[in-house]
Structure formats: C-alpha cells, structure tokens
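One letter stands for each residue in the lines below.
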Amino acid sequence: MIKFRIRDFFYPRRIFQWRQLLWKSQYYCGDELQSLQWRLLSRLIGHCFEKVPYYGELFHKMGLRPSDLRSVEDLSAIPMLSKAVVRERHNELKAEEFRSFRPRAVQTSGTTGSPLTVYWDRNSNVLELVCQWRHFSWVGYRIGEPFLDIRSRVLDAHS
C-alpha cells in the first residue's frame with residue numbers, strides 16, 4: 001500500500017514559485033529555455049562543489065571550480081556517477097546540511113538488477129508535483145479532479 005502524505009508536498013511558497021516558473025517557461029524559445037536550464041544546473045553544481053563532500057573532493061582532485069563549467073559540453077569533464085559509487089560512497093554524496101532538507105529515502109525498482117536507495121527532499125517533491133500538474137494541465141486536468149496515475153515510483157514504501 002502506498003502512503004501518500006500531503007505534508008511531503010505541501011509547501012505553498014515553493015509550489016507557487018515553481019508553478020510560476022514552469023507555466024512561464026513552457027513558452028520559452030530554445031535559447032531562453034537553455035539559459036534557464038543552465039542557470040538552474042549551475043546553482044546545483046555550485047551547491048555540490050561547496051556542500052557535497054564527494055563532489056568537493058572530486059573537483060579538487062581534477063583542479064576544477066564550478067566557474068570552469070560554462071556550458072553543457074563542459075560537463076563531460078566530470079566522470080559519470082555509477083550505481084557502484086552511489087552504493088560505496090553514499091554518505092559522501094549527502095550535502096553537509098543533509099538533514100535540513102528533510103530527505104526521505106526512496107528506492108528504485110531495481111529493473112537493472114538491484115534496487116538503489118536515493119533521497120528526495122521537500123523541494124524534489126514539490127518540483128515533481130508541479131511538473132505533473134503542468135503536464136496534466138496540457139490535457140485539461142485541474143487540481144482537485146480525480147485521476148489515475150500508473151507508474152513505478154513508489155511515494156512511500158518504507159515509512
């Protein structure tokens with residue numbers, strides 16, 4: 001049985017902020033969309049460099065700073081993160097202020113052989129909710145209307 005907890009998704013300010021951005025950005029031209037994507041990705045890269053021990057160490061060993069990454073093409077300088085590394089170094093892949101994000105463990109389905117546990121924080125949940133809301137709105141769905149959503153992501157399998 002899936003336990004859906006509204007408090008995992010209900011952050012009105014964040015919902016409003018993401019909704020505004022996603023509804024506006026769906027009409028962006030290619031250059032505007034790429035600019036937005038790079039801005040958001042750059043913020044994430046900076047956060048990882050500053051707050052996630054694994055990436056701080058990796059960037060240091062490679063002699064990289066977030067400012068060295070100026071385009072999507074530059075991302076090829078960063079080694080691909082494998083499931084093995086996630087399993088072996090999971091504690092180093094958590095941000096220093098990990099707990100302040102109120103993360104919840106989520107397990108993948110294991111379709112490639114073995115399940116993997118990752119963490120979703122409240123902002124991840126809000127973004128997931130608002131993305132689905134936008135996608136469903138394209139076919140006329142309005143919040144509050146009943147719907148059926150069949151997919152493999154389990155919202156709360158172990159709580």
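Calculation rules
Residues numbered from 1 in each chain as written. Predicted model: local features only at pLDDT ≥ 70, side-chain atom pairs only at ≥ 80, totals over all residues. Heavy atoms only, no water. Helix = DSSP H or I, 4+ residues; strand = E, 2+ residues; numbered from the N terminus. Buried < 20%, exposed > 50% of the residue type's maximum accessible area, 1.4 Å probe, protein only. Contact = heavy atoms within 4.5 Å. Areas by Shrake-Rupley, 256 points an atom, 1.4 Å probe, with all protein chains shown as cover. Phe/Tyr/Trp six-rings, centres within 6.5 Å; stacked < 30°, edge-to-face > 60°. Salt bridge = Lys/Arg side-chain N within 4 Å of Asp/Glu carboxyl O.

A tally of regular secondary structure across the protein gives 5 helices and 2 strands. Along the protein, helices and strands appear, N-terminal first, in the series α-α-α-α-β-β-α. Every one of the 159 residues in the protein was classed for burial, and the buried ones make up 28%. Pairs at least 24 residues apart make up 58% of the contacts formed inside the protein by residues separated by at least 6 positions. In the form shown here, the protein has an accessible surface area of approximately 11400 Å², with 58% of it arising from carbon and sulfur atoms.

For the coordinates displayed, the defined rule picks out 5 aromatic pairs. With a centroid separation of 5.2 Å and 65 degrees between ring planes, the pair formed by Trp23 and Trp133 is classed as edge-to-face. Within this pair, whereas Trp23 is found in helix H1 (residues 12-25), its partner Trp133 is found in helix H5 (residues 122-137), the two being separated by 110 residues in sequence. Here the aromatic rings of Phe136 and Tyr141 are separated by 5.8 Å at their centres, their planes lie at 80 degrees, and the arrangement is edge-to-face. Residue classification places Phe136 among the partly exposed positions, given a relative accessible area of 25%.

Let's shift gears to the pattern of salt bridges. What the rule picks out here adds up to 3 salt bridges. Put simply, Glu57 and Lys61 hold a salt bridge, and the shortest N to O gap is 3.0 Å. Of this pair, Glu57 and Lys61 both sit in helix H3 (residues 53-62), 4 residues apart, which is roughly one turn of the helix. By relative accessible area, which is 64% here, Lys61 ends up exposed. The shortest N-O distance in the salt bridge between Glu92 and Arg89 comes to 2.5 Å.

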